[in-house]
Amino acid sequence: MHSRPWIILAVLVAVLVGLSWWRLSIGAHPADPVALKQILSIRRSHLASGLIVGGALSLAGVLLQGLLRNPLASPDIMGLASGAGLAVMIASYIAFTMGSQAAPGSSPLVPALVGAFATLALVYALSQRRGVIDPVSMVLVGVIISITAAAGTLLVQQLLPDRGLYSGRWLFGGIDEDAGWWRIG
């Protein structure tokens, strides 16, 4: 009975390895070995970046679930993702009003971190009752903050001239085209 989770984990790891190999092998393969080496290097860096980000997101979810003793707790339920998105949109709007466009190479990482931490502090402060934090009320406050921040994100996105296309693409998630090994390490 105890071997079943290990069997499932082994099957999932085998599927991950198979899909990773498939991802590296699809597409055009030039006859030039130097070009093939460069293409595979780019694909490997994108694959490694995706695996690292996916692992970090799953770790964040598990830590929140363990901390709050609630299987529904996750960064998006707690409002952290929406708070980060709102901060990115506000930073894009401020850059637009000051006359500077967000360059395609600029990273909205700092506004996202500030927004996520500010949202976490707000959720923490609002979920306290007589100095004690109830995990259920923390999840409920997180959901309310998440909905409010998502609505604010959409509002600010509509105020941008490109309707927040660049920042919106970043919010949906994607691996940057120049995500090389130097950014991973």
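Everything here concerns the structure above.
Parameters at a glance
Residues numbered from 1 in each chain as written. Predicted model: local features only at pLDDT ≥ 70, side-chain atom pairs only at ≥ 80, totals over all residues. Heavy atoms only, no water. Core = buried A, V, L, I, M, F, W, Y, C linked by side-chain atoms within 4.5 Å. Buried < 20%, exposed > 50% of the residue type's maximum accessible area, 1.4 Å probe, protein only. Helix = DSSP H or I, 4+ residues; strand = E, 2+ residues; numbered from the N terminus. Contact = heavy atoms within 4.5 Å. Expected span 1.5 Å × (residues − 1). Polar contact = N/O pair within 3.5 Å; in protein donor to acceptor, adjacent residues only side chain to side chain. Arc of directions from axis to C-beta. Axes fitted to C-alpha atoms, helices over the stretch in contact; angles between N-to-C directions. Parallel < 35°, antiparallel > 145°, perpendicular 65-115°, else oblique. Left-handed = near helix turned anticlockwise from the far one by under 90°. Nonpolar A, V, L, I, M, F, W, Y, C, P; charged D, E, K, R; others polar.

Undergrad: So what's going on with the nonpolar core? Which residues, and what values?
TA: Residues Leu64, Leu68, Ala73, Met78, Leu80, Val123, Met138, Val139, Val141 and Ile145 constitute the largest nonpolar core, which totals 10 residues. Elements with a contribution of two residues or more to this core: α2 (33–68) and α5 (135–159). It is α5 that contributes the most residues to this core, four residues altogether. Excluding anything up to four places from it in sequence, Ala73 contacts Gly61, Leu64, Gln65 and Leu68.

Undergrad: So what's going on with α2? Residues and values would help.
TA: In a regular helix each residue adds 1.5 Å, so 36 residues correspond to 52 Å; α2 covers 52 Å between its end C-alpha atoms and thus fits that length. Looking only at α2, the buried set comprises Leu40, Arg43, Ser45, His46, Ala48, Ser49, Gly61, Leu64 and Leu68. A positive backbone phi angle near 50° is found at Arg69, which sits one or two residues after α2.

Undergrad: Requested: an account of the environment of Ser20, with residues and values cited.
TA: Its location among the elements puts Ser20 in helix α1 (residues 4–25). Using a relative accessible area of 13% as the deciding quantity, one classes Ser20 as buried. In this structure, the C-alpha to C-alpha distance between Ser20 and Leu47, residues 27 residues apart in sequence, is 7.2 Å. Only 2.8 Å separates the side chain of Ser20 from the backbone oxygen of Leu16, close enough to count as a polar contact.

Undergrad: So what about helix α4 (residues 109–126)? Which residues, and what values?
TA: Here α4 contains 18 residues, and its C-alpha end-to-end distance of 26 Å stays within 8% of the 26 Å for a straight helix at 1.5 Å per residue. Among all positions of α4, only Pro111, Ala112, Gly115, Ala116, Thr119 and Val123 are buried. Buried positions in α4, seen along its axis, are confined to an arc of 130° and lie on one side of it. Among the exposed residues of α4, those pointing more than 90 degrees away from its buried face are Val110, Val114, Phe117 and Ala125. For α4, the elements touching its buried residues are α3 (80–97), α5 and α6 (165–172).

Undergrad: Describe the environment of Gly115, listing the residues and the values that go with them.
TA: As for its position among the elements, Gly115 is in helix α4. For the pair formed by Gly115 and Leu80, sequence separation is 35 residues and the distance between their alpha carbons is 7.6 Å. When near neighbours in sequence (up to four residues on either side) are disregarded, Gly115 contacts Gly83, Ala84 and Ala87.

Undergrad: Describe in detail unusual backbone geometry, supporting the description with residues and values.
TA: Residues other than glycine seldom take positive phi values, yet Arg130 does so here, at roughly 55°. With respect to the helices and strands, Arg130 occurs in the loop between β1 (128–129) and β2 (132–133). Overall, Arg130 belongs to the exposed group, its relative accessible area being 85%.

Undergrad: Describe the packing of α3 against α5, listing the residues and the values that go with them.
TA: Following both chains from N to C, one finds α3 and α5 inclined at 20°, their axes separated by 8 Å at the closest point. When the interaxial angle is binned, α3 and α5 end up roughly parallel. Along this stretch, α3 crosses α5, giving a crossing that reads as left-handed. Packed against α3, whose contacting residues are Ser82, Gly83, Gly85, Leu86, Met89, Ile90 and Tyr93, the element α5 presents Ser146, Ala149, Ala150, Gly152, Thr153, Val156, Gln157 and Leu159 at the interface.

Undergrad: Talk me through the packing of α1 against α2; I want residue IDs and the actual numbers.
TA: At their nearest, the axes of α1 and α2 sit 9 Å apart, and the two run at 145° to each other. Between α1 and α2 the crossing geometry is right-handed. Between α1 and α2, the contacting residues are Leu16, Ser20, Arg23, Leu24 and Ser25 on the first element and Leu40, Arg43, Arg44, Leu47 and Leu51 on the second. Residue composition of the contact of α1 with α2, by class: five nonpolar, two polar and three charged.

No statement about biological role is implied by the geometric values presented.
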